[in-house]
Amino acid sequence: MNIIKTVDGSKATLAIEGWLDTQTAPELGVALGQLGKDVSELEFDFSKLEYVSSAGLRQIMSAHKRMAGNLVITGVSDEIQEVFDLTGMSKRLKIQ
């Protein structure tokens, strides 16, 4: 997995490439922990995300909670959207 982080004022974008699974989810947790307290909006760019496991979903929901709902997910493939739909996460997350 590769994480490309961009911060512009109070908005951060994390572009995730590859697999977000049990092995790589802790890396996302570290990246989220490194976001400054002045970051109040977060965008996940999943246009190059190939796979997400329950460990990855846990990190996504943790970020959603931390951002108090100011989280948007873009570039979601049909396969990842299906995971969000099956888990009910698509009802709670802003997916564009």
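You'll find the structure just up there.
Parameters at a glance
Residues numbered from 1 in each chain as written. Predicted model: local features only at pLDDT ≥ 70, side-chain atom pairs only at ≥ 80, totals over all residues. Heavy atoms only, no water. Helix = DSSP H or I, 4+ residues; strand = E, 2+ residues; numbered from the N terminus. Buried < 20%, exposed > 50% of the residue type's maximum accessible area, 1.4 Å probe, protein only. Contact = heavy atoms within 4.5 Å. Axes fitted to C-alpha atoms, helices over the stretch in contact; angles between N-to-C directions. Parallel < 35°, antiparallel > 145°, perpendicular 65-115°, else oblique. Left-handed = near helix turned anticlockwise from the far one by under 90°. Expected span 1.5 Å × (residues − 1). Pairing = 2+ DSSP bridges.

Novice: Teacher, can you tell me more about the side chain of T74 here?
Specialist: For T74, the location among the structural elements is in strand β4 (residues 71-74). Exposure remark for T74: the relative accessible area of 15% places this residue in the buried category. What T74 contacts, discounting residues up to four positions off in sequence, is E43, F44, D45, F46, S47 and Q96.

Novice: It is not clear to me how the packing of helix α1 (residues 25-33) against helix α2 (residues 54-66) should be interpreted in this structure. Could you clarify?
Specialist: In helix packing, the relevant descriptors are the interaxial angle and the interaxial distance, both defined with respect to the helix axes. The N-to-C vectors of α1 and α2 enclose an angle of 15°; their axes lie 9 Å apart at closest approach. Classified by the angle between their axes, α1 and α2 sit roughly parallel to one another. Remark: the crossing between α1 and α2 carries right-handed chirality. Residues A25, L28, G29, L32 and G33 of α1 pack against A55, G56, Q59, A63 and R66 of α2.

Novice: It is not clear to me how α2 should be interpreted in this structure. Could you clarify?
Specialist: Each α-helix turn comprises 3.6 residues. Residues three or four places apart therefore point the same way. When the terminal C-alpha atoms of α2 are compared, their 18 Å separation across 13 residues agrees well with the 18 Å that a helix rising 1.5 Å per residue should span. Among all positions of α2, only A55, G56, L57, Q59, I60, A63 and H64 are buried. Against the buried residues of α2 lie β2 (11-20), α1, β3 (41-52), β4 and α3 (78-87). Downstream of α2 by a residue or two, A68 has a phi angle that is positive, lying close to 50°.

Novice: When you look at the pairing of strand β1 (residues 2-8) in this model, what are you seeing that I'm missing?
Specialist: In summary, the side chains of a regular strand alternate between the two faces of the sheet. Pairing between β1 and β2: seven bridges, direction antiparallel. The residue bridging D8 from the neighbouring strand is K11, located in β2. In textbook terms, the turn of a hairpin is the stretch between consecutive antiparallel strands, and for β1 and β2 this stretch comprises two residues, one of which, G9, has a positive phi near 65°.

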